[in-house]
Amino acid sequence: QVQVVESGGGLVQPGGSLRLSCAASGKIFRIYAMAWYRQAPGKQRELVANILSGGSTNYADSMKGRFTISRDNAKNTTVYLQMHSLKPEDTAVYYCNAYYSDYDRTYLEVWGQGTLVTDSS
């Protein structure tokens, strides 16, 4: 069974920084993309950033310049989200997502349980 587990959420002051981690594990043949999404209270889930297997990245406009997605090159199954200059509106549950294939070459998607980032003001 494949799973992704997020960590690193917590309470942060406005203007502060936080780094989230996401580790995928299980019977994975290849990961094609990993992404961070977030869902604020009363709002729909939205894409924060993603990173493709070749290393290219994409960001939501409101996160550009403040958030950075990266991958552990030694472990292609681990990604990070470095967040700077956090704002109250960044308060949300942050979810990790992986798009991968298993050993049967079936394309699948898996979501983590989420990690909460909360503004302390």
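Attention here is on the structure that accompanies the text. A quick note: this is a predicted structure, and the numbers were derived from the prediction, not measured.

The rules we used
- The residue count restarts for each chain, going from 1 along the sequence in the order it is written.
- For a predicted model such as this one, the threshold for reporting local features is a pLDDT of at least 70, and the threshold for listing and counting side-chain atom pairs is 80 or more; totals across whole chains, interfaces and linings nevertheless cover every residue.
- Where side-chain values are given, they derive from all heavy atoms of the structure, hydrogens and water being excluded.
- By convention, a stacked pair of Phe, Tyr or Trp rings (six-membered ring in the case of Trp) has centres within 6.5 Å and planes under 30 degrees apart, an edge-to-face pair has planes over 60 apart, and any other such pair is tilted.
- Consider the ring centre and the ring normal. A charge sits over the ring if Lys NZ or Arg CZ is within 6 Å of that centre and within 35 degrees of that normal.
- Working definition: with a 1.4 Å probe on protein chains only, accessible area under 20% of the residue-type maximum means buried, over 50% means exposed, and in between means partly exposed.
- Secondary structure elements follow DSSP: runs of H or I of four or more residues count as helices, runs of E of two or more count as strands, with numbering from the N terminus.
- In this description, strands pair whenever DSSP reports at least two bridges between them.
- We define a salt bridge as a side-chain nitrogen of Lys or Arg found within 4 Å of a carboxyl oxygen belonging to Asp or Glu.
- By disulfide we mean two sulfur atoms from cysteines, separated by a distance within 2.5 Å.
- An axis is simply a line fitted to the C-alpha atoms; with a helix, the fit covers only the stretch in contact. Between two such axes, the angle follows the N-to-C directions and lies from 0 to 180 degrees.
- What makes a nonpolar core is a set of buried Ala, Val, Leu, Ile, Met, Phe, Trp, Tyr and Cys residues whose side-chain atoms join them at distances within 4.5 Å.
- Residue contacts follow a heavy-atom distance rule, with two residues in contact if any of their heavy atoms lie within 4.5 Å.

## Quick notes on the packing of aromatic side chains
And step 1. The final tally for this structure, using the stated rule, is five aromatic pairs.
And step 2. Arranged with centres 6.1 Å apart and planes meeting at 15°, the rings of tyrosine 99 and tyrosine 107 form a pair that is stacked.
And step 3. Linked through ring pairs, Tyr32, Tyr99 and Tyr107 together constitute an aromatic cluster.
And step 4. Over the aromatic face of tyrosine 80 sits the side chain of arginine 19, whose NZ or CZ is 4.1 Å from the ring centroid.
And step 5. Lying across the ring of tyrosine 95, arginine 45 places its NZ or CZ 3.7 Å from the centre.

## Side note on the pairing of strand 1 (residues 3-7)
And step 1. By the alternation rule, side chains of strand 1 split into Val4 and Glu6, which are all buried, and Gln3, Val5 and Ser7, of which none is buried.
And step 2. The pairing of strand 1 with strand 3 (residues 18-25) spans five bridges and is antiparallel. Following the sheet pairing, valine 5 is matched in strand 3 by alanine 23.

## Let's talk about the pattern of salt bridges
And step 1. In total, this model carries four salt bridges according to the counting rule given.
And step 2. Here arginine 38 and aspartate 90 are joined by a salt bridge, their closest N and O atoms 2.8 Å apart. Taken together, the residues arginine 38 in strand 4 (residues 30-39) and aspartate 90 in the loop between strand 8 (75-83) and strand 9 (92-101) connect sequence positions 52 residues apart. Per residue, the accessibility class of arginine 38 equals that of aspartate 90, and both read buried.
And step 3. Residue aspartate 90 is joined to arginine 66 by a salt bridge in which the shortest nitrogen-to-oxygen separation is 2.7 Å. With a gap of 24 residues between them, aspartate 90 in the loop between strand 8 and strand 9 and arginine 66 in the loop between strand 6 (57-59) and strand 7 (67-72) connect regions that are remote in the sequence.
And step 4. Note on aspartate 90: relative accessible area 2%, which makes it buried.

## Things to note about the state of the cysteines
And step 1. Scanning the entire structure with this criterion turns up one disulfide.
And step 2. Covalent S-S linkage joins cysteine 22 and cysteine 96, the inter-sulfur distance amounting to 1.9 Å. Residues cysteine 22 and cysteine 96 are joined by a disulfide whose S-S torsion is about -80°; by sign, that bridge is left-handed. Within this pair, whereas cysteine 22 is found in strand 3, its partner cysteine 96 is found in strand 9, the two being separated by 74 residues in sequence.

## Some remarks on the sheet that holds strand 1
And step 1. The four strands lie next to each other as 1-3-8-7, forming an open sheet whose pairing is antiparallel. At either end of the open sheet lies a strand with only one pairing partner, and these are strand 1 and strand 7. Averaged over all pairs of adjacent strands, the angle between their axes in this sheet comes to 20°, without regard to strand direction.

## Observations concerning the nonpolar core
And step 1. Judged by nonpolar contacts, the single largest core of 30 residues is most densely connected at Met34, Trp36, Leu81, Met83 and Tyr94.
And step 2. Elements that contribute at least two residues to this core include exactly strand 3, strand 4, strand 5 (46-52), strand 7, strand 8 and strand 9.
And step 3. Ranked by the residues each element gives to this core, the list is headed by strand 9, at five residues.
And step 4. Contact partners of tyrosine 94, with chain neighbours within four places excluded, come to Glu6, Leu20, Trp36, Tyr37, Arg38, Val48, Phe67, Leu81, Met83, Gly114, Thr115 and Val117.

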